[in-house]
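Commentary on secondary and tertiary structure
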Amino acid sequence: MKTIKSFLILSILGGSFLTADAQYYYGPPPPGPPPPRHREKQEKSDDEDSQPSGYFGITIGLAQPVGSFANTVGSGYSGYAMPGDNIDVSLGIPINYSNMGIALMYGSYANAFDANSYVANMQLNDQTKNYAPITGGIYNEGFLMAGLFVTYPVHRFSFDFKLLGGFAFCNLPEVDYGADYNTAGYYNYEWDNAASRTTGFAYGLGADMRYRFRRASLMIGVDYVGADPVINSEQTYTDPNGNITYTRLGGSIPISVISANIGVAYDIR
């Protein structure tokens, strides 16, 4: 009995000693609680925003002719392009997840021919007749180009710059005008510049800004496209006696357009 009592006393004293020593433990602190789930998701989103990305985009815009393409002086079969519209399909493919990549673009542009200004100039050059437009067509330009692009991500924004070269497929407008309208219901004089199709080397520069909503982005940009295709058309002239004369129209027709675009893009990583 005495032995059992002595064992119990020793056990109680030993447990008290261990408990007291545990209060003075100087080891490393335990790990803190994990971050809240919303903070972990935000940190992951910030990492994604900082990564450069490519894109597939579709935009529409206003196509403003510039330079000699917008010229409204002279009697030549060129220029006289009016403000129009365009639609672009573009692709930026990043190389090895870098800030650089391959750029591809197809753009379709439409600019009406300013037949009124054209005929007004004819009238200024010849006051002996009364000129008037009959029909005025539209410049339809298609640009198929490839090149390089560079992108700089800033949080949800991406700023893209591209340099392109390729081909222009141009439908030149029909320009038909006459002079001295008579009582028989037709013009004594008529000049008809036939519509034609031509191709040429094309080049382009562009700058875009994308704002990302998950994988899709709002895309806003400015593009400059240009070409210098050769004219391959013919003018038909009819005089008061019904005689018809054909004249070949040649030379080049500089085309240059600046467009402001807006659309959507899908991110490619």
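The sections below set out a description of the structure shown in this document. None of the values given here were measured: they were computed from a predicted structure.

**A word on the side chain of N86**
With respect to the element layout, N86 can be found in strand β2 (residues 84–94). Of note is the side chain of N86, whose polar atom sits 3.4 Å from the side chain of D88.

**Some details on the pairing of strand β3 (residues 100–112)**
Across 10 bridges, β2 lies against β3 in antiparallel orientation. Bridge pairing links L91 to L104 in β3. Taking the residues that link successive antiparallel strands as the turn, the β2-β3 hairpin has five residues, and the phi of N96 there is positive, at about 55 degrees. Note: β3 against strand β5 (residues 138–154), 13 bridges, orientation antiparallel. Opposite Y109, over in β5, you have E141 as the bridge partner.

**Structural notes on the environment of Y181**
With respect to the secondary-structure elements, Y181 resides in strand β7 (residues 175–181). Here Y181 falls in the exposed class, since its relative accessible area comes to 55%. Distance from Y181 to A132, taken between C-alpha atoms, is 8.5 Å for residues 49 residues apart in sequence.

**Let's talk about the packing of aromatic side chains**
Centre distance and the angle of the planes are the two values used to describe a pair of aromatic rings. By the definition in use, this model includes 18 aromatic pairs. For the ring pair F69 and Y139, a centre distance of 4.9 Å and an interplane angle of 65 degrees mean the geometry is edge-to-face. Of this pair, F69 sits in the loop between β1 (54–65) and β2 while Y139 sits in strand β5, and the two are 70 residues apart along the sequence. For F69, a relative accessible area of 0% puts it in the buried group. When the centroid spacing of 5.6 Å and the interplanar angle of 35 degrees are considered together, the rings of Y80 and F113 count as tilted. You can see Y80 sitting in the loop between β1 and β2 and its partner F113 sitting in the loop between β3 and α3 (115–125), a full 33 residues away along the chain. For Y80, a relative accessible area of 1% puts it in the buried group. Note on F113: relative accessible area 4%, which makes it buried. Among the aromatic residues, those joined into a ring-pair cluster are F69, Y80, F113, Y118, Y131, Y139, Y177, Y189, W191 and Y237. The lysine or arginine in question, K129, covers the ring of Y189, its NZ or CZ lying 4.9 Å from the ring centre.

**Some details on the sheet that holds strand β11 (residues 233–238)**
If you trace the five strands from one edge of the open sheet to the other, you get β4-β7-β8-β11-β12, paired in antiparallel fashion. The sheet is open, and its two borders are formed by β4 (131–136) and β12 (244–249), each paired with just one other strand. Between one strand axis and the next, the sheet turns by 15 degrees as a mean value, whatever way the strands run. Relative to β12, β11 runs antiparallel, the two being bridged by six bridges. Counterpart to Y237 in the pairing with β12 is T245. Sheet strands in contact with α3 are β4, β7 and β8 (187–193), and its direction is about 150 degrees off that of β4.

**As for the pattern of salt bridges**
Using the criterion set out here, one finds five salt bridges in the structure. D223 is the salt-bridge partner of K162, the closest N and O atoms lying 3.7 Å from each other. In this pair, K162 sits in strand β6 (residues 157–172) while D223 sits in strand β10 (residues 216–227), placing the two residues 61 residues apart along the sequence. For the pair shown, K162 and D223 are each scored as buried. Between D267 and R210 there is a salt bridge, with the nearest N and O atoms lying 3.3 Å from each other. You can see D267 sitting in strand β13 (residues 255–268) and its partner R210 sitting in strand β9 (residues 196–213), a full 57 residues away along the chain. Residue classification places R210 among the buried positions, given a relative accessible area of 1%. Connected through shared salt-bridge partners, D160, R210 and D267 make up one network.

**Comments concerning the sheet that holds β9**
Taken in spatial order, the eight strands close into a barrel running β1-β2-β3-β5-β6-β9-β10-β13, and their pairing is antiparallel. Ignoring which end each strand starts from, the neighbouring axes of this sheet average 25 degrees apart.

**Quick look at the side chain of N193**
Looking at where N193 falls in the secondary structure, it is placed in strand β8. At a separation of 2.9 Å, a polar atom in the side chain of N193 contacts the side chain of Q235. Excluding its chain neighbours within four sequence positions, the residues that come into contact with N193 are Y77, Y118, P173, E174, V175, Y177, S233, E234, Q235 and L249.

Definitions and limits used
- Residues numbered from 1 in each chain as written.
- Predicted model: local features only at pLDDT ≥ 70, side-chain atom pairs only at ≥ 80, totals over all residues.
- Heavy atoms only, no water.
- Helix = DSSP H or I, 4+ residues; strand = E, 2+ residues; numbered from the N terminus.
- Polar contact = N/O pair within 3.5 Å; in protein donor to acceptor, adjacent residues only side chain to side chain.
- Pairing = 2+ DSSP bridges.
- Buried < 20%, exposed > 50% of the residue type's maximum accessible area, 1.4 Å probe, protein only.
- Phe/Tyr/Trp six-rings, centres within 6.5 Å; stacked < 30°, edge-to-face > 60°.
- Lys NZ or Arg CZ within 6 Å of the ring centre and 35° of its normal.
- Axes fitted to C-alpha atoms, helices over the stretch in contact; angles between N-to-C directions.
- Contact = heavy atoms within 4.5 Å.
- Salt bridge = Lys/Arg side-chain N within 4 Å of Asp/Glu carboxyl O.

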